[in-house]
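# Notes for the structure review
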Amino acid sequence: MNNQTFESVISKSKQQLTKWKANTLSQEGRSTLIKSNLSAKPIYTMQSFLLPKQTLKELDEVNKKFFWNKGEKHRAPINWDEICKSKANGGTGIRKAEDINIALQMKLLWKIIAEPYNIWVRIIHEKYLKNADLKLYEKRGQTSWQWGKLISLRKQFFEGIKWVVGDGKTINFWQDRWLTDIPLIESVADKDSIDKSLLVCDLINSNKDWDRPKIFQLLIGKLRRRTIRTILEYNIPTNDFQDRMYWKESNNGWFSTKSSVQLLHKNKGHKPSELKWIWDLDCAPKIRNFMWRISKSGLQTKERLQQRRIAVPMECELCGHHSEGFFHLFMECNFVKDIIHNTKKHLFDLIFPYNQNLGNEKELLMELKEKIGIRHMSALATTWWSIWYFRNQRVFNNDKSSKEKIGKFLLGEQNNWRIANEAEKKGDLVKRNQTLP
Ligand SMILES: [Zn+2]
(Lines give C-alpha, C1' and ligand atoms only; values in the text may rest on other atoms or scores of the structure.)
Protein backbone atom coordinates (compact mmCIF):
# COMPACT_ATOMS: atom_id res chain seq x y z
CA MET A 1 0.00 0.00 0.00
CA ASN A 2 1.48 3.39 -0.94
CA ASN A 3 0.60 6.90 -1.99
CA GLN A 4 -0.33 5.87 -5.52
CA THR A 5 -3.01 3.55 -4.18
CA PHE A 6 -4.75 6.55 -2.76
CA GLU A 7 -4.13 9.00 -5.55
CA SER A 8 -7.68 8.58 -6.79
CA VAL A 9 -8.96 9.91 -3.47
CA ILE A 10 -7.05 13.13 -4.02
CA SER A 11 -8.00 13.51 -7.66
CA LYS A 12 -11.67 12.86 -6.89
CA SER A 13 -11.63 15.44 -4.17
CA LYS A 14 -9.93 17.91 -6.52
CA GLN A 15 -12.43 17.22 -9.29
CA GLN A 16 -15.32 17.80 -6.98
CA LEU A 17 -14.00 21.11 -5.71
CA THR A 18 -13.00 22.43 -9.13
CA LYS A 19 -16.55 21.82 -10.31
CA TRP A 20 -17.59 24.62 -8.03
CA LYS A 21 -16.76 28.01 -9.37
CA ALA A 22 -14.40 29.19 -6.69
CA ASN A 23 -14.23 32.72 -8.09
CA THR A 24 -17.92 33.38 -7.69
CA LEU A 25 -17.97 32.29 -4.06
CA SER A 26 -16.99 34.07 -0.88
CA GLN A 27 -14.40 32.48 1.37
CA GLU A 28 -17.23 31.45 3.67
CA GLY A 29 -18.97 29.74 0.75
CA ARG A 30 -15.79 27.91 -0.20
CA SER A 31 -15.28 26.92 3.43
CA THR A 32 -18.76 25.39 3.52
CA LEU A 33 -18.05 23.42 0.36
CA ILE A 34 -14.77 22.09 1.73
CA LYS A 35 -16.63 20.83 4.78
CA SER A 36 -19.26 19.06 2.71
CA ASN A 37 -16.70 17.70 0.26
CA LEU A 38 -14.56 16.19 2.98
CA SER A 39 -17.52 14.63 4.61
CA ALA A 40 -18.66 12.99 1.40
CA LYS A 41 -16.20 12.08 -1.34
CA PRO A 42 -13.09 10.66 0.31
CA ILE A 43 -15.01 9.42 3.30
CA TYR A 44 -15.60 5.94 1.97
CA THR A 45 -11.87 5.32 1.65
CA MET A 46 -11.17 7.03 4.94
CA GLN A 47 -13.61 4.76 6.71
CA SER A 48 -11.71 1.73 5.55
CA PHE A 49 -8.10 2.85 5.59
CA LEU A 50 -5.76 4.95 7.60
CA LEU A 51 -4.34 6.92 4.69
CA PRO A 52 -0.59 7.59 4.38
CA LYS A 53 0.52 10.94 5.83
CA GLN A 54 1.50 12.16 2.38
CA THR A 55 -1.99 11.52 1.00
CA LEU A 56 -3.59 13.34 3.92
CA LYS A 57 -1.24 16.26 3.42
CA GLU A 58 -2.17 16.45 -0.25
CA LEU A 59 -5.87 16.40 0.59
CA ASP A 60 -5.27 19.35 2.90
CA GLU A 61 -3.35 21.11 0.14
CA VAL A 62 -6.30 20.74 -2.24
CA ASN A 63 -8.60 22.24 0.38
CA LYS A 64 -6.19 24.96 1.34
CA LYS A 65 -5.84 26.10 -2.26
CA PHE A 66 -9.60 26.13 -2.68
CA PHE A 67 -10.10 28.01 0.59
CA TRP A 68 -7.83 30.89 -0.46
CA ASN A 69 -8.69 30.65 -4.15
CA LYS A 70 -5.17 31.68 -5.07
CA GLY A 71 -2.39 30.27 -7.25
CA GLU A 72 0.42 27.88 -6.31
CA LYS A 73 2.79 30.58 -5.05
CA HIS A 74 0.31 32.22 -2.70
CA ARG A 75 1.51 32.45 0.88
CA ALA A 76 -1.56 32.19 3.07
CA PRO A 77 -1.85 34.92 5.71
CA ILE A 78 -3.41 32.50 8.21
CA ASN A 79 -1.90 29.16 9.12
CA TRP A 80 -3.84 26.07 7.99
CA ASP A 81 -3.68 24.61 11.49
CA GLU A 82 -5.42 27.73 12.82
CA ILE A 83 -8.08 27.54 10.10
CA CYS A 84 -8.74 23.89 10.97
CA LYS A 85 -9.63 24.52 14.58
CA SER A 86 -13.27 24.34 15.59
CA LYS A 87 -15.21 27.59 15.67
CA ALA A 88 -15.31 27.39 19.46
CA ASN A 89 -11.52 27.16 19.48
CA GLY A 90 -10.92 30.06 17.13
CA GLY A 91 -10.94 28.36 13.71
CA THR A 92 -13.44 28.05 10.89
CA GLY A 93 -14.57 24.52 11.66
CA ILE A 94 -12.89 23.02 8.57
CA ARG A 95 -11.33 19.77 9.67
CA LYS A 96 -7.94 18.44 8.73
CA ALA A 97 -8.03 15.33 6.59
CA GLU A 98 -5.96 13.49 9.18
CA ASP A 99 -8.38 14.28 12.00
CA ILE A 100 -11.34 13.02 10.01
CA ASN A 101 -9.45 9.93 8.98
CA ILE A 102 -8.40 9.07 12.54
CA ALA A 103 -11.89 9.75 13.87
CA LEU A 104 -13.41 7.43 11.27
CA GLN A 105 -10.90 4.74 12.10
CA MET A 106 -11.70 5.13 15.79
CA LYS A 107 -15.28 4.42 14.86
CA LEU A 108 -14.11 0.96 13.77
CA LEU A 109 -12.48 0.43 17.18
CA TRP A 110 -15.74 1.51 18.79
CA LYS A 111 -17.61 -1.01 16.61
CA ILE A 112 -15.36 -3.76 17.87
CA ILE A 113 -16.28 -3.11 21.49
CA ALA A 114 -19.87 -1.93 21.06
CA GLU A 115 -21.22 -4.17 18.31
CA PRO A 116 -19.89 -7.69 18.91
CA TYR A 117 -22.46 -9.23 16.56
CA ASN A 118 -21.63 -7.02 13.61
CA ILE A 119 -20.43 -9.15 10.71
CA TRP A 120 -17.24 -7.13 10.20
CA VAL A 121 -16.44 -7.37 13.93
CA ARG A 122 -16.89 -11.14 13.78
CA ILE A 123 -14.48 -11.36 10.88
CA ILE A 124 -11.97 -9.26 12.83
CA HIS A 125 -12.26 -11.65 15.77
CA GLU A 126 -11.90 -14.62 13.48
CA LYS A 127 -8.83 -13.19 11.78
CA TYR A 128 -6.96 -11.29 14.47
CA LEU A 129 -8.52 -10.77 17.87
CA LYS A 130 -9.55 -14.38 18.56
CA ASN A 131 -12.05 -13.08 21.15
CA ALA A 132 -9.34 -11.24 23.06
CA ASP A 133 -10.22 -7.95 24.75
CA LEU A 134 -9.41 -5.11 22.34
CA LYS A 135 -7.55 -3.16 24.98
CA LEU A 136 -5.39 -6.06 26.15
CA TYR A 137 -4.83 -7.67 22.74
CA GLU A 138 -1.22 -8.01 21.69
CA LYS A 139 -0.28 -8.30 18.06
CA ARG A 140 1.52 -11.54 17.28
CA GLY A 141 3.36 -12.48 14.12
CA GLN A 142 2.41 -11.22 10.70
CA THR A 143 -0.88 -9.35 10.43
CA SER A 144 -2.16 -7.04 7.78
CA TRP A 145 -0.74 -3.54 7.44
CA GLN A 146 -4.15 -1.99 7.91
CA TRP A 147 -4.89 -3.95 11.08
CA GLY A 148 -1.55 -2.86 12.51
CA LYS A 149 -2.39 0.75 11.68
CA LEU A 150 -5.85 0.46 13.21
CA ILE A 151 -4.73 -0.92 16.54
CA SER A 152 -1.96 1.66 16.73
CA LEU A 153 -4.80 4.13 17.38
CA ARG A 154 -5.93 2.33 20.51
CA LYS A 155 -4.15 4.62 22.96
CA GLN A 156 -5.82 7.72 21.50
CA PHE A 157 -9.12 5.90 21.29
CA PHE A 158 -9.21 4.75 24.90
CA GLU A 159 -8.60 8.31 26.01
CA GLY A 160 -12.25 8.87 25.07
CA ILE A 161 -13.51 5.85 26.98
CA LYS A 162 -14.77 5.94 30.53
CA TRP A 163 -15.37 2.79 32.54
CA VAL A 164 -18.07 1.76 34.95
CA VAL A 165 -16.78 -0.82 37.39
CA GLY A 166 -18.51 -4.20 37.37
CA ASP A 167 -16.17 -7.03 38.32
CA GLY A 168 -13.11 -4.83 37.67
CA LYS A 169 -11.37 -7.50 35.62
CA THR A 170 -10.81 -5.44 32.47
CA ILE A 171 -10.13 -2.05 34.04
CA ASN A 172 -6.58 -1.00 34.61
CA PHE A 173 -6.51 0.69 38.01
CA TRP A 174 -3.91 3.33 37.16
CA GLN A 175 -4.24 3.91 33.44
CA ASP A 176 -7.93 3.65 32.55
CA ARG A 177 -10.43 6.39 33.18
CA TRP A 178 -12.95 5.13 35.73
CA LEU A 179 -12.92 7.18 38.92
CA THR A 180 -12.69 10.49 37.09
CA ASP A 181 -12.01 11.56 33.52
CA ILE A 182 -8.29 11.54 34.26
CA PRO A 183 -6.37 8.30 34.87
CA LEU A 184 -5.16 7.96 38.46
CA ILE A 185 -1.58 7.60 37.29
CA GLU A 186 -1.62 11.32 36.42
CA SER A 187 -1.73 12.22 40.12
CA VAL A 188 1.20 10.01 41.15
CA ALA A 189 4.51 11.83 41.49
CA ASP A 190 6.84 8.83 41.24
CA LYS A 191 5.33 6.84 38.39
CA ASP A 192 8.01 4.15 38.57
CA SER A 193 6.96 3.25 42.09
CA ILE A 194 3.61 1.75 41.08
CA ASP A 195 2.55 -1.51 39.49
CA LYS A 196 1.12 -0.29 36.20
CA SER A 197 -0.61 -3.58 35.46
CA LEU A 198 -2.76 -3.41 38.61
CA LEU A 199 -6.42 -4.11 37.80
CA VAL A 200 -9.39 -2.71 39.69
CA CYS A 201 -10.42 -6.30 40.60
CA ASP A 202 -7.09 -6.73 42.42
CA LEU A 203 -8.46 -4.34 45.04
CA ILE A 204 -11.87 -5.98 45.38
CA ASN A 205 -12.36 -8.78 47.92
CA SER A 206 -14.50 -11.91 47.60
CA ASN A 207 -17.47 -10.10 49.19
CA LYS A 208 -17.49 -7.72 46.26
CA ASP A 209 -16.33 -4.86 48.40
CA TRP A 210 -13.18 -2.80 48.41
CA ASP A 211 -10.24 -4.60 50.01
CA ARG A 212 -9.49 -1.84 52.52
CA PRO A 213 -6.25 -3.21 54.02
CA LYS A 214 -4.81 -3.71 50.54
CA ILE A 215 -5.94 -0.28 49.41
CA PHE A 216 -4.31 1.41 52.38
CA GLN A 217 -1.14 -0.63 51.93
CA LEU A 218 -0.82 0.09 48.19
CA LEU A 219 -2.17 3.61 47.88
CA ILE A 220 -1.23 5.63 50.95
CA GLY A 221 1.67 7.85 50.05
CA LYS A 222 0.87 7.48 46.36
CA LEU A 223 -2.55 9.13 46.18
CA ARG A 224 -4.03 11.94 48.23
CA ARG A 225 -6.24 10.88 51.11
CA ARG A 226 -9.19 12.59 49.48
CA THR A 227 -8.77 10.48 46.35
CA ILE A 228 -8.55 7.29 48.41
CA ARG A 229 -11.76 8.30 50.17
CA THR A 230 -13.44 8.81 46.79
CA ILE A 231 -12.38 5.31 45.76
CA LEU A 232 -13.84 3.82 48.92
CA GLU A 233 -17.09 5.68 48.26
CA TYR A 234 -17.36 4.20 44.75
CA ASN A 235 -20.11 1.57 44.76
CA ILE A 236 -19.21 -1.85 43.44
CA PRO A 237 -22.25 -3.80 42.16
CA THR A 238 -22.98 -6.86 44.22
CA ASN A 239 -24.32 -8.93 41.33
CA ASP A 240 -22.35 -10.32 38.42
CA PHE A 241 -22.06 -7.19 36.34
CA GLN A 242 -19.16 -7.06 33.97
CA ASP A 243 -17.25 -3.85 33.46
CA ARG A 244 -18.97 -1.48 31.12
CA MET A 245 -17.75 1.52 29.20
CA TYR A 246 -19.08 4.51 27.40
CA TRP A 247 -17.76 7.24 25.12
CA LYS A 248 -17.25 10.13 27.51
CA GLU A 249 -16.91 12.79 24.81
CA SER A 250 -20.52 12.70 23.65
CA ASN A 251 -23.67 13.51 25.60
CA ASN A 252 -25.32 10.14 25.10
CA GLY A 253 -22.25 7.96 25.72
CA TRP A 254 -22.24 6.66 22.16
CA PHE A 255 -19.29 7.26 19.86
CA SER A 256 -19.53 9.99 17.25
CA THR A 257 -16.90 11.14 14.77
CA LYS A 258 -17.63 14.73 15.64
CA SER A 259 -16.88 14.22 19.33
CA SER A 260 -13.78 12.22 18.54
CA VAL A 261 -12.41 15.06 16.39
CA GLN A 262 -13.04 17.27 19.42
CA LEU A 263 -11.05 14.84 21.54
CA LEU A 264 -8.18 14.91 19.06
CA HIS A 265 -8.23 18.69 19.16
CA LYS A 266 -8.24 18.72 22.95
CA ASN A 267 -5.22 16.45 22.95
CA LYS A 268 -3.46 18.82 20.57
CA GLY A 269 -3.96 21.56 23.14
CA HIS A 270 -6.69 23.53 21.35
CA LYS A 271 -8.32 25.91 23.81
CA PRO A 272 -11.68 27.73 23.79
CA SER A 273 -11.40 31.06 22.01
CA GLU A 274 -12.53 34.35 23.53
CA LEU A 275 -13.84 35.33 20.12
CA LYS A 276 -16.33 32.53 19.56
CA TRP A 277 -19.09 35.16 19.49
CA ILE A 278 -17.88 36.23 16.03
CA TRP A 279 -19.80 33.26 14.62
CA ASP A 280 -22.96 34.43 16.39
CA LEU A 281 -22.95 37.91 14.86
CA ASP A 282 -26.25 38.86 13.32
CA CYS A 283 -24.93 39.41 9.80
CA ALA A 284 -24.30 37.47 6.58
CA PRO A 285 -22.01 34.41 6.98
CA LYS A 286 -19.46 35.96 4.60
CA ILE A 287 -19.20 38.90 7.03
CA ARG A 288 -18.69 36.58 9.99
CA ASN A 289 -15.86 34.99 8.01
CA PHE A 290 -14.47 38.47 7.36
CA MET A 291 -14.52 39.26 11.09
CA TRP A 292 -12.81 35.95 11.80
CA ARG A 293 -10.06 36.89 9.33
CA ILE A 294 -9.66 40.22 11.10
CA SER A 295 -9.36 38.46 14.46
CA LYS A 296 -6.47 36.42 13.04
CA SER A 297 -4.76 39.56 11.71
CA GLY A 298 -5.33 38.03 8.31
CA LEU A 299 -6.69 41.04 6.44
CA GLN A 300 -4.21 41.94 3.72
CA THR A 301 -3.86 45.64 4.34
CA LYS A 302 -0.89 47.39 2.74
CA GLU A 303 0.98 47.40 6.05
CA ARG A 304 0.44 43.67 6.38
CA LEU A 305 1.65 43.07 2.81
CA GLN A 306 4.76 45.13 3.51
CA GLN A 307 5.46 43.12 6.65
CA ARG A 308 5.32 40.05 4.46
CA ARG A 309 7.82 41.71 2.11
CA ILE A 310 5.40 42.31 -0.71
CA ALA A 311 6.13 45.72 -2.24
CA VAL A 312 3.08 47.98 -2.59
CA PRO A 313 2.51 51.75 -2.48
CA MET A 314 1.58 52.47 1.14
CA GLU A 315 -1.02 55.23 0.78
CA CYS A 316 -4.51 54.66 2.12
CA GLU A 317 -6.71 54.37 -0.96
CA LEU A 318 -9.51 56.25 0.74
CA CYS A 319 -7.86 59.31 2.26
CA GLY A 320 -4.31 59.32 0.91
CA HIS A 321 -2.80 58.96 4.39
CA HIS A 322 0.66 57.49 4.24
CA SER A 323 0.23 54.15 5.95
CA GLU A 324 -2.72 51.84 5.32
CA GLY A 325 -2.75 49.51 8.31
CA PHE A 326 -5.74 47.91 9.94
CA PHE A 327 -6.06 50.49 12.70
CA HIS A 328 -5.74 53.37 10.28
CA LEU A 329 -8.29 52.00 7.87
CA PHE A 330 -11.01 51.03 10.31
CA MET A 331 -10.49 53.28 13.33
CA GLU A 332 -8.62 56.37 12.22
CA CYS A 333 -9.18 57.08 8.53
CA ASN A 334 -11.23 60.29 8.26
CA PHE A 335 -12.91 59.09 5.10
CA VAL A 336 -14.17 56.00 6.96
CA LYS A 337 -15.07 57.90 10.12
CA ASP A 338 -17.18 60.27 8.02
CA ILE A 339 -19.08 57.34 6.53
CA ILE A 340 -19.82 55.85 9.94
CA HIS A 341 -20.71 59.24 11.37
CA ASN A 342 -23.08 60.04 8.51
CA THR A 343 -24.82 56.68 8.27
CA LYS A 344 -24.65 55.34 11.82
CA LYS A 345 -24.32 58.24 14.20
CA HIS A 346 -25.32 56.16 17.22
CA LEU A 347 -22.71 53.50 16.49
CA PHE A 348 -20.13 56.23 15.91
CA ASP A 349 -20.79 57.74 19.33
CA LEU A 350 -20.51 54.31 20.94
CA ILE A 351 -17.12 53.39 19.49
CA PHE A 352 -15.32 56.73 19.52
CA PRO A 353 -13.10 57.72 21.20
CA TYR A 354 -11.46 54.32 21.47
CA ASN A 355 -8.54 52.91 23.44
CA GLN A 356 -5.46 53.47 21.26
CA ASN A 357 -3.14 51.30 23.32
CA LEU A 358 -4.25 48.00 21.85
CA GLY A 359 -1.71 45.65 20.35
CA ASN A 360 -3.59 43.94 17.58
CA GLU A 361 -6.93 43.31 15.89
CA LYS A 362 -7.95 40.60 18.32
CA GLU A 363 -7.55 42.93 21.29
CA LEU A 364 -9.54 45.63 19.50
CA LEU A 365 -12.39 43.21 18.77
CA MET A 366 -12.53 42.07 22.37
CA GLU A 367 -12.44 45.61 23.67
CA LEU A 368 -15.16 46.81 21.30
CA LYS A 369 -17.41 43.84 22.00
CA GLU A 370 -17.09 44.53 25.72
CA LYS A 371 -17.88 48.18 25.15
CA ILE A 372 -20.76 48.08 22.68
CA GLY A 373 -22.20 44.54 22.88
CA ILE A 374 -22.93 41.95 20.22
CA ARG A 375 -25.84 43.74 18.56
CA HIS A 376 -23.80 46.80 17.74
CA MET A 377 -20.83 44.61 16.83
CA SER A 378 -23.04 43.04 14.15
CA ALA A 379 -23.75 46.48 12.72
CA LEU A 380 -20.07 47.40 12.91
CA ALA A 381 -19.11 44.15 11.14
CA THR A 382 -21.37 44.95 8.19
CA THR A 383 -19.99 48.48 8.13
CA TRP A 384 -16.38 47.33 8.12
CA TRP A 385 -17.08 44.67 5.52
CA SER A 386 -18.64 47.26 3.19
CA ILE A 387 -15.69 49.59 3.64
CA TRP A 388 -13.25 46.80 2.89
CA TYR A 389 -15.31 45.89 -0.17
CA PHE A 390 -15.05 49.43 -1.58
CA ARG A 391 -11.42 49.71 -0.59
CA ASN A 392 -10.79 46.62 -2.75
CA GLN A 393 -12.85 48.12 -5.55
CA ARG A 394 -10.45 51.06 -5.51
CA VAL A 395 -7.31 48.95 -5.38
CA PHE A 396 -8.24 46.41 -8.02
CA ASN A 397 -10.81 48.15 -10.24
CA ASN A 398 -9.93 51.79 -9.69
CA ASP A 399 -13.55 52.39 -8.76
CA LYS A 400 -13.71 55.61 -6.74
CA SER A 401 -17.12 55.46 -5.10
CA SER A 402 -18.21 58.40 -2.95
CA LYS A 403 -18.77 58.27 0.81
CA GLU A 404 -22.49 58.61 0.16
CA LYS A 405 -22.54 55.64 -2.17
CA ILE A 406 -20.63 53.48 0.31
CA GLY A 407 -22.95 54.54 3.13
CA LYS A 408 -25.99 53.66 1.07
CA PHE A 409 -24.47 50.32 0.13
CA LEU A 410 -23.77 49.32 3.73
CA LEU A 411 -27.29 50.17 4.86
CA GLY A 412 -28.54 48.07 1.94
CA GLU A 413 -26.32 45.15 2.96
CA GLN A 414 -27.72 45.25 6.45
CA ASN A 415 -31.26 45.41 5.18
CA ASN A 416 -30.75 42.54 2.73
CA TRP A 417 -29.48 40.37 5.53
CA ARG A 418 -32.43 41.21 7.75
CA ILE A 419 -34.88 40.30 5.00
CA ALA A 420 -33.05 37.10 4.02
CA ASN A 421 -32.77 36.07 7.64
CA GLU A 422 -36.45 36.61 8.34
CA ALA A 423 -37.40 34.69 5.21
CA GLU A 424 -35.22 31.81 6.36
CA LYS A 425 -36.81 31.79 9.80
CA LYS A 426 -40.26 31.74 8.21
CA GLY A 427 -39.11 28.93 5.93
CA ASP A 428 -38.08 26.97 9.00
CA LEU A 429 -41.47 27.52 10.50
CA VAL A 430 -43.19 26.29 7.37
CA LYS A 431 -40.93 23.22 7.30
CA ARG A 432 -41.62 22.50 10.95
CA ASN A 433 -45.34 22.83 10.42
CA GLN A 434 -45.15 20.40 7.55
CA THR A 435 -43.69 17.72 9.78
CA LEU A 436 -46.59 17.95 12.20
CA PRO A 437 -49.16 15.16 11.86
ZN1 LIG B 1 -7.31 56.55 5.20
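Residues take numbers from 1 onward in each chain, read along the sequence in its written order. This being a predicted model, a pLDDT of at least 70 is required before a residue's local features are given, and a value of 80 or more before pairs of side-chain atoms are given or counted; all residues contribute to the totals for chains, interfaces and linings.

## Re the overall build of the chain
Secondary structure elements follow DSSP: runs of H or I of four or more residues count as helices, runs of E of two or more count as strands, with numbering from the N terminus. When helices and strands are counted, the chain shows 19 helices and two strands. Based on C-alpha atoms, the radius of gyration is set beside the globule rule, defined as 2.2 Å times the residue count to the power 0.38. Computed over the C-alpha atoms, the radius of gyration of the chain is 28 Å, more than 25% above the 22 Å expected from 2.2 N^0.38 for a compact globule of 437 residues.

## Let's talk about the domain arrangement of the chain
An automatic or database domain assignment supplies the residue ranges for each domain. On domain assignment, one finds that the chain holds domain 1 (1–146) and domain 2 (277–433). For domain 1 and domain 2, the distance between their C-alpha centroids amounts to 35 Å. Listed per partner, the contact involves 10 residues of domain 1 and 12 residues of domain 2. Of all the elements, helix α2 (residues 27–38) adds the most residues to the side of domain 1 that touches domain 2, at three residues. Side-chain classes are defined by residue name, with Ala, Val, Leu, Ile, Met, Phe, Trp, Tyr, Cys and Pro counting as nonpolar, Asp, Glu, Lys and Arg as charged, and the others, Gly among them, as polar. Residues that form the side of domain 1 that touches domain 2 fall into these classes: two nonpolar, four polar and four charged. Contacts here follow a simple rule: the backbone-placed C-beta atoms of the two residues must lie within 7 Å.

## A closer look at the packing of helix α13 (residues 285–295) against helix α18 (residues 361–397)
Geometry is summarised by axes, namely lines fitted to C-alpha atoms with helices restricted to the contacting stretch, and by angles between N-to-C directions that run from 0 to 180 degrees. At a minimum axis separation of 9 Å, α13 and α18 run at an interaxial angle of 130°. Between α13 and α18, the crossing angle belongs to the class labelled oblique. Crossing handedness for the pair α13 and α18: right-handed. Here I287, F290, M291, I294 and S295 of α13 lie close against α18, whose contacting residues are E361, K362, L365, A381, T382, W385 and W388. In the contact of α13 with α18, the residues fall into eight nonpolar, two polar and two charged. Here roughly perpendicular refers to angles of 65 to 115 degrees, roughly parallel to angles under 35, roughly antiparallel to angles over 145, and oblique to all remaining angles. Each crossing gets its hand from how the near helix is turned against the far one by less than a right angle, where anticlockwise is left-handed and clockwise is right-handed.

## Side note on the packing of helix α1 (residues 7–19) against helix α4 (residues 53–68)
With their axes 10 Å apart at the nearest point, α1 and α4 run at an angle of 10° to one another. By the angle between their axes, α1 is roughly parallel relative to α4. Contacts between α1 and α4 involve V9, I10, S13, K14 and L17 from the former and T55, E58, L59, V62 and F66 from the latter. Residue classes in the contact of α1 with α4 are distributed as six nonpolar, two polar and two charged.

## Quick look at the nonpolar core
By definition, a nonpolar core groups buried Ala, Val, Leu, Ile, Met, Phe, Trp, Tyr and Cys residues that connect through C-beta atoms lying within 7 Å of each other. The exposure label follows from counting other C-beta atoms within 10 Å of a residue's C-beta, where the C-beta atoms are placed from the backbone and the thresholds are 20 or more for buried and 12 or fewer for exposed, leaving partly exposed in between. Ranked by internal contacts, the top residues of the largest apolar core, which has 33 residues, are L51, I100, A103 and M106. Listing elements by their share of this core, those giving two or more residues are α1, α4, α6 (97–114), α9 (154–158) and α12 (257–267). In terms of residue count, α6 provides more of this core than any other element does, eight residues in total. In this structure, L51 is in contact with F6, M46, L56 and N101, ignoring residues within four places of it in sequence.

## Brief notes about helix α10 (residues 212–219)
Of all the eight residues making up α10, zero are buried; the element is thus mostly uncovered. One or two residues past the end of α10 sits G221, with phi positive at roughly 95°.

## Comments concerning the environment of W277
Its location among the elements puts W277 in the loop between α12 and α13. In this structure W277 comes out as partly exposed when scored by C-beta crowding, with 14 C-beta atoms within 10 Å. Distance from W277 to K248, taken between C-alpha atoms, is 26 Å for residues 29 residues apart in sequence. Excluding anything up to four places from it in sequence, W277 contacts K369 and I374.

## Looking at unusual backbone geometry
A cis geometry characterises the amide bond from F352 onward to P353, with omega recorded as -5°. With respect to the helices and strands, P353 occurs in the loop between α17 (345–351) and α18. Unusually for a residue other than glycine, K130 sits at a positive phi of about 50°. If you trace the backbone, K130 turns up in the loop between α7 (119–129) and α8 (145–151). Of the residues examined, K130 has 10 C-beta atoms within 10 Å and is grouped as exposed. At N398, a residue that is not glycine, the phi angle is positive and equals roughly 55°.

## Some points on the environment of E274
You can see E274 is positioned in the loop between α12 and α13. Residue E274 is classed as exposed on the basis of its C-beta count, with 12 C-beta atoms lying within 10 Å.

## Looking at the pairing of strand β2 (residues 244–247)
Covered by surrounding structure in β2 are M245 and W247 only, the residues R244 and Y246 on the alternate face being uncovered. Sheet analysis places strand β1 (residues 161–164) next to β2, joined by four bridges and oriented antiparallel. Looking at the pairing, W163 lines up with M245 of β2. In this scheme, strands are said to pair when DSSP sees at least two bridges between them.

## Focus: the environment of Q54
Locating Q54 in the fold gives a position in helix α4. With 12 C-beta atoms packed within 10 Å, Q54 lands in the exposed category. Note: C-alpha distance between Q54 and Q156 (102 residues apart in sequence) is 21 Å.

## Remarks on α6
Under the 1.5 Å per step criterion, the end-to-end length of α6 is 25 Å for 18 residues, consistent within 8% with the ideal 26 Å. Of the residues making up α6, those classed as buried are A97, D99, I100, N101, I102, A103, L104, Q105, M106, L109 and W110. To estimate how far a helix should reach, multiply one less than its number of residues by 1.5 Å.

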